[in-house]
Amino acid sequence: MPKTPAQLGYRYPAEWERHHATWIGWPHNTSDWPGKFGPVPWAFGELVRRIAAGEQVRILVKDAKHEAAARRVLGKLEIDQARLELIRVRTNRGWTRDFGPFFVRHVKRAESAILDYRFNGWAKYDDWKLDDAVPGQMAKRFQHRLFPVTHGKRTVVLEGGGLDVNGHGSLLTTEECFLDQEVQCRNPGLTRADMDKVFADYLGAGNVLWFGKGIAGDDTHGHVDDLARFVNPSTIVLVQEKNTQDANYRPLAENWERAQSMRLENGSHPQVVPLPMPAPVVFAGQRLPASYANFYLCNAAVLVPTFNDPNDRVALGTLAELIPDRPVIGIHALDLVWGLGTLHCLTREQPAVK
């Protein structure tokens, strides 16, 4: 029987570990930001500018015209153009966290590999097949070993936004995302034990910490990167809603109760630090998934979505205290969140190899 990536010595590194590059898909699907697409490329440009200060940025563009549009924006910003690599590949959307190359790194050898998982449009949208093909195409192009993610004879649906790791064997996720068998069901018939085995075999994360539901407005149905994140091997930030009338209050309170009994891979309790929620962000009558937990840890900074809210300052201060080795920078995200995601949803790290 073939050995799993974990048995072969691969693991999924924590996001704060050194990156070789960040992958991002340049926006092109206007249906993701209906009626408000105009400012979106400029928001992407600011995100790329901040990331490129410390690492290479690999940008997916669908064709020559799309590449030219991206270069027009990026050329007007103060970015070291040598840090940018534009890669032509057809995609449905730009949410690279969920469909982009999912890298695992060998613990001893200077190499990384890519996981060939299934992406099915969050079990909600019909246009996903181009996105689903990206990992295999990039493994071939960059000559990376490709590991099919399977359970039995089936390919498993994974999404990067649905999980978060501390790099030492513990993983955060939600029941709503990976275990719901009725709404946006990713893997029909797979149980908690089945998913635990997938996470252990392919990510090297044998200690899975399950939260319940995600935040209101999240059309992915429970992604953990809007809810809870590791900021170091033993500390989790968990969003908290203080308004008892808000739709988030009850599910977030339940998640806080769960966190109190969680244990890390070494048997210790994690430190759990509250991260505030902004006031509800509503556009065209729709509640949007605005959350400070959707930050991205790149080499040069911690990039945090902000929403013109008094809690912006609280969230930035909390993360600055917890992540002292790089600056914490707010990125205005009110335009981005109309697409139902922000900074972490758009980015995918490629770890450096030693």
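In what follows, the structure referred to is the one given above.
Residues numbered from 1 in each chain as written. Predicted model: local features only at pLDDT ≥ 70, side-chain atom pairs only at ≥ 80, totals over all residues. Heavy atoms only, no water.

Visitor: I'd like a description of the overall build of the protein, backed by residues and values.
Guide: The number of helices and strands found in the protein is 10 helices and 21 strands. On C-alpha atoms alone, the protein measures out to a radius of gyration of 19 Å, which is about the 20 Å that the 2.2 N^0.38 rule sets for 354 residues. Viewed in the frame of its principal axes, the protein has a C-alpha envelope of about 55 × 50 × 40 Å. Expressed as a percentage of the 354 residues in the protein, the buried residues total 60%. Counting contacts in the protein only where the partners sit at least 6 residues apart, residues at least 24 apart contribute 76% of the total. (Helix = DSSP H or I, 4+ residues; strand = E, 2+ residues; numbered from the N terminus. Rg over C-alpha atoms; globule rule 2.2 N^0.38 Å. Buried < 20%, exposed > 50% of the residue type's maximum accessible area, 1.4 Å probe, protein only. Contact = heavy atoms within 4.5 Å.)

Visitor: I'd like a description of the pattern of salt bridges, backed by residues and values.
Guide: Scanning the entire structure with this criterion turns up 24 salt bridges. As a salt-bridge pair, Glu-15 and Arg-229 come within 3.2 Å of each other at their nearest N and O atoms. One end of the pair, Glu-15, is in the loop between strand E1 (10-11) and strand E2 (19-25); the other, Arg-229, is in strand E13 (residues 228-232), and 214 residues separate them in sequence. Pair check on accessibility: Glu-15 and Arg-229 agree, each one buried. One salt bridge in this structure joins Arg-93 and Asp-127, with 2.9 Å as the shortest N-O distance. Of this pair, Arg-93 sits in the loop between strand E4 (84-88) and helix H3 (96-99) while Asp-127 sits in the loop between strand E6 (112-116) and helix H4 (129-132), and the two are 34 residues apart along the sequence. For Asp-127, a relative accessible area of 30% gives the class partly exposed. Overlapping salt bridges, with partners in common, bring together Glu-15, Arg-97, Asp-164, Arg-229 and Glu-349 in one network. (Salt bridge = Lys/Arg side-chain N within 4 Å of Asp/Glu carboxyl O.)

Visitor: Pulling in residues and values, what's your account of the sheet that holds E4?
Guide: Taken in spatial order, the four strands line up as E4-E3-E2-E21 in an open sheet, and their pairing is mixed. Each of the sheet's edge strands pairs with one partner strand only, and the pair in question is E4 and strand E21 (347-351). Taken pair by pair, the neighbouring strands of this sheet meet at an average axis angle of 25°, ignoring direction. Sheet topology note: the E2/E21 ladder contains five bridges and is antiparallel. Bridge assignment links Ala-21 to a residue of E21, and that residue is Gln-350. Running at roughly 175° to E2, helix H1 (residues 40-52) makes contact with E2, strand E3 (56-61), E4 and E21 of the sheet. (Pairing = 2+ DSSP bridges. Axes fitted to C-alpha atoms, helices over the stretch in contact; angles between N-to-C directions.)

Visitor: Residues and numbers for the pairing of strand E12 (residues 207-211), please.
Guide: Looking down a regular strand, the side chains alternate between one sheet face and the other. For E12, a buried count of four out of five residues is recorded, marking the element as mostly surrounded by other parts of the structure. Pairing geometry for strand E11 (residues 170-174) and E12, over five bridges, is parallel. When the sheet's bridge partners are listed, Leu-172 is paired in E12 with Leu-209.

Visitor: Before we move on, could you go through the nonpolar core and cite the residues and values that matter?
Guide: Nonpolar side chains in soluble globular proteins tend to end up buried together. Counting 111 residues, the largest nonpolar core has Ile-59, Phe-199 and Leu-203 as its most contacted members. In terms of residue count, the dominant contributor to this core is H1 (seven residues). (Core = buried A, V, L, I, M, F, W, Y, C linked by side-chain atoms within 4.5 Å.)

Visitor: Which residues make up the sheet that holds strand E5 (residues 102-106), and what are the values?
Guide: The mixed open sheet is built from four strands, whose spatial order is E1-E5-E6-E7. Two strands close off the open sheet at either side, each with one partner strand: E1 and strand E7 (145-148). Strand direction decides the pairing type here: E1 and E5, joined by two bridges, are antiparallel. If you follow Arg-11 over to E5, its bridge partner there is Arg-105. Each of E1, E5, E6 and E7 is contacted by helix H7 (residues 192-203), which is oriented at about 60° to E5, the strand it contacts most.

Visitor: Run through the side chain of Thr-235, naming residues and quoting values.
Guide: As for its placement among the helices and strands, Thr-235 is situated in strand E14 (residues 235-240). Classification of Thr-235 by relative accessible area gives buried; the value is 1%. For Thr-235, the contacting residues outside a window of four places in its chain are Arg-229, Phe-230, Gln-271, Val-273 and Leu-322.

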